[in-house]
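Structure at a glance
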Amino acid sequence: MNNKVTLTLFLSVLLLQVTALQAQQPGIRKPAQVLLNNPAIKQAHVGICIYDPASQNYWYQYQADKYFTPASNTKIFTLFTGLQLLGDSLPGMRYLETDSVLYIKGTADPSFLHPDFITQPVMQLLTQTDKRIVLLPAVNTNKRFGPGWGWSDYADYYQPELNEWPIYGNVARIRHHRDTISITPPEFSDPEHFSWQRNDTLEEAFTDRDERSNRFSLQFAGNDYGPLLAEVPFITGSLQDIARRLQDTLHKPVYAAEGSPQLNDAAFKILHSQPVDTLFTPMMHRSDNFFAEQILMMCAARQWDTISTAKTIGYMQRDYLRFLPDTPKWADGSGLSRYNLFTPRDFVSVLTKMRQQVPEARLWSIFPTGGKGTLRNYYPGQFVHAKTGTLNGCVALSGYLVTKKGKTLVFSVLVNNHTNNSSAVVRRAVEKFLTAVRDQY
């Protein structure tokens, strides 16, 4: 390589570096350095990306092209997927009516008999029909847990099983208040499935489930009168188990199909159940893992009549996410999986695209806002609209920041491998940084 070519390459690289430095807002560099030197995260891996959509410039980047485990920030991509593929309402079930039979098939809708949803169009149709109800199996390639999930979390409220026809949110709800102890669904209320006992060594009530059966237990101190409401996932079981659960709810026979009846798939209709935002909003505000996972499954059921999270993710990456600067390793809908790997600028890119497509008022209502939802103890003044993310050693926050002068910035801050006993110290450090950005501009 001659000297002239070498000089040209050197000048080109220098020009790129100068341009990048010019794009970095000087008012951000100092609070960013304070954040990076904070003892809570000084030895952690940190990625920061702040983007100004108005000027189409990155105001600050630090390891923005590096991959991080994003925890529940994954739900931002799940939300984007639902906005693209679900339309304005959830597919409640597929059905086909003949002269004497109502054939039904699950579409992974998590709202069926979930206490968050008062209106139940699917339940209404099943209750009113006088025809024989036959439950058909859906083509479901998913397993009951997502890839990379913690197996020992099977009894924890945040990890219900995934299936083609969720009922009651796939959790048993155990209640204890004074002398009243109960469990729903009713199928678990007999002593074979539910037991409780007093244990005065406990500081707080404790619920559990056997690993391989639907046997639930409650322990509580003698002076503990509640109220307690605990959600413990149940084993969803086979198609026959779903049919029996439906039958117990409807108080009429529901038959699980034996074999595959010769039916015209194209003749099946979709009965829609709920407006999509009634699912998107709680998914984002309380970081509902179950809703997030079932959204990707519903997208597949609606698109192909095949329930497959992997198929939905592959389709999105090929057809809707080609604009991303980096190719994510995307494994599930909730962010429970440690297999997920995203870059900060991936989040900034998808958030920017979302803001171009969705009216701001709607977007602000779906995302948690400072002082509300998972941000209820952070960002007073409601200048941040963002999704949190937490796993052991991981803290994430990505979304929108409205500055004092009314400018909307898109940001992502991902922290991995911190060793603090509590994530709160990391969140406070990030809050201090973003507040400084807000005040500066």
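Notes on the structure follow. (Residues numbered from 1 in each chain as written. Predicted model: local features only at pLDDT ≥ 70, side-chain atom pairs only at ≥ 80, totals over all residues. Heavy atoms only, no water.)

Looking at the overall build of the protein
Helix and strand counts for the protein stand at 11 helices and 18 strands. Relative to its length of 441 residues, the protein is compact, with a C-alpha radius of gyration of 25 Å against a globular reference of 22 Å. With the principal axes as the frame, the protein shows a C-alpha extent of 85 × 60 × 45 Å. Once local pairs closer than 6 in sequence are excluded, the contacts in the protein between residues at least 24 apart make up 67%. (Helix = DSSP H or I, 4+ residues; strand = E, 2+ residues; numbered from the N terminus. Rg over C-alpha atoms; globule rule 2.2 N^0.38 Å. Contact = heavy atoms within 4.5 Å.)

Points about the side chain of Lys 387
Summarising the element assignment, Lys 387 is placed in strand β16 (residues 384-391). No salt bridge is formed by the buried Lys 387; the nearest opposite charge belongs to Asp 288, separated by 11 Å. A polar atom in the side chain of Lys 387 sits 3.4 Å from the side chain of Thr 388. Not counting residues within four places of it along the chain, the set of residues in contact with Lys 387 comprises Ser 72, Asn 73, Lys 75, Ile 76, Met 283, Met 284, Ser 287, Phe 367, Ala 396, Leu 397 and Ser 398. (Buried < 20%, exposed > 50% of the residue type's maximum accessible area, 1.4 Å probe, protein only. Lys, Arg positive; Asp, Glu negative; His and termini not counted. Salt bridge = Lys/Arg side-chain N within 4 Å of Asp/Glu carboxyl O. Polar contact = N/O pair within 3.5 Å; in protein donor to acceptor, adjacent residues only side chain to side chain.)

Quick word on the pattern of salt bridges
Opposite charge on two side chains makes pairing possible when the charged atoms of those side chains draw close. The full count for this structure, using the stated rule, is 21 salt bridges. Arg 286 is paired through a salt bridge with Asp 288; the nearest N and O atoms lie 2.9 Å apart. Of the residues examined, Arg 286 reaches a relative accessible area of 41% and is grouped as partly exposed. When its relative accessible area of 13% is taken as the criterion, Asp 288 is described as buried. Glu 360 serves as the salt-bridge partner of Arg 355, at 3.4 Å between the closest nitrogen and oxygen.

Quick notes on helix α11 (residues 424-440)
An α-helix turns once every 3.6 residues. As a result, residues three or four positions apart point the same way. Taking 1.5 Å per residue as the helical rise, α11 with its 17 residues ought to reach 24 Å, and the 24 Å between its terminal C-alpha atoms agrees with that figure. Residues Val 426, Arg 427, Ala 429, Val 430, Glu 431, Phe 433, Leu 434 and Val 437 constitute the buried set of α11. The inward-facing, buried residues of α11 contact α2 (26-36), β1 (45-52), β16, β17 (394-402) and β18 (408-416). (Expected span 1.5 Å × (residues − 1).)

Details of the pairing of strand β10 (residues 206-209)
By the bridge criterion, 4 bridges tie β10 to strand β11 (residues 216-220) in an arrangement that is antiparallel. The residue of β11 that forms the bridge with Phe 206 is Gln 219. Hairpin connection, β10 to β11: the antiparallel pair is bridged by 6 residues. (Pairing = 2+ DSSP bridges.)

A few points about the sheet that holds strand β12 (residues 228-233)
Reading across the sheet, the 3 strands line up as β8-β7-β12 and stay open at both edges, with antiparallel pairing between neighbours. Bordering the open sheet on either side are β8 (180-184) and β12, each of which pairs with just one other strand. Along the sheet, successive strands turn relative to each other by an average axial angle of 15°, direction set aside. (Axes fitted to C-alpha atoms, helices over the stretch in contact; angles between N-to-C directions.)

Details of the environment of Gln 84
Inspection of the secondary structure assignment puts Gln 84 in helix α3 (residues 74-85). Given a relative accessible area of 21%, Gln 84 falls into the partly exposed group. At a separation of 2.7 Å, a polar atom in the side chain of Gln 84 contacts the side chain of Gln 357.

A word on the side chain of His 114
One can find His 114 in the loop between β4 (101-106) and α4 (121-128). If near-sequence neighbours (up to four positions away) are discounted, His 114 is found in contact with Gln 120, Gly 169, Arg 173, Arg 286 and Phe 291.

Comments concerning the sheet that holds strand β5 (residues 132-136)
Read across the open sheet, the 5 strands follow the order β13-β5-β4-β3-β14; overall the sheet is mixed. Only two strands of the sheet have a single neighbouring strand rather than two, namely β13 (254-256) and β14 (269-275). Averaged over all pairs of adjacent strands, the angle between strand axes in this sheet comes to 30°, irrespective of strand direction. Pairing geometry for β5 and β13, over 3 bridges, is parallel. Considered in β13, the bridge of Val 134 is made with Tyr 255. The sheet contacts of α4 involve β3 (89-97), β4, β5 and β14, and relative to β14 the element is tilted by about 130°.

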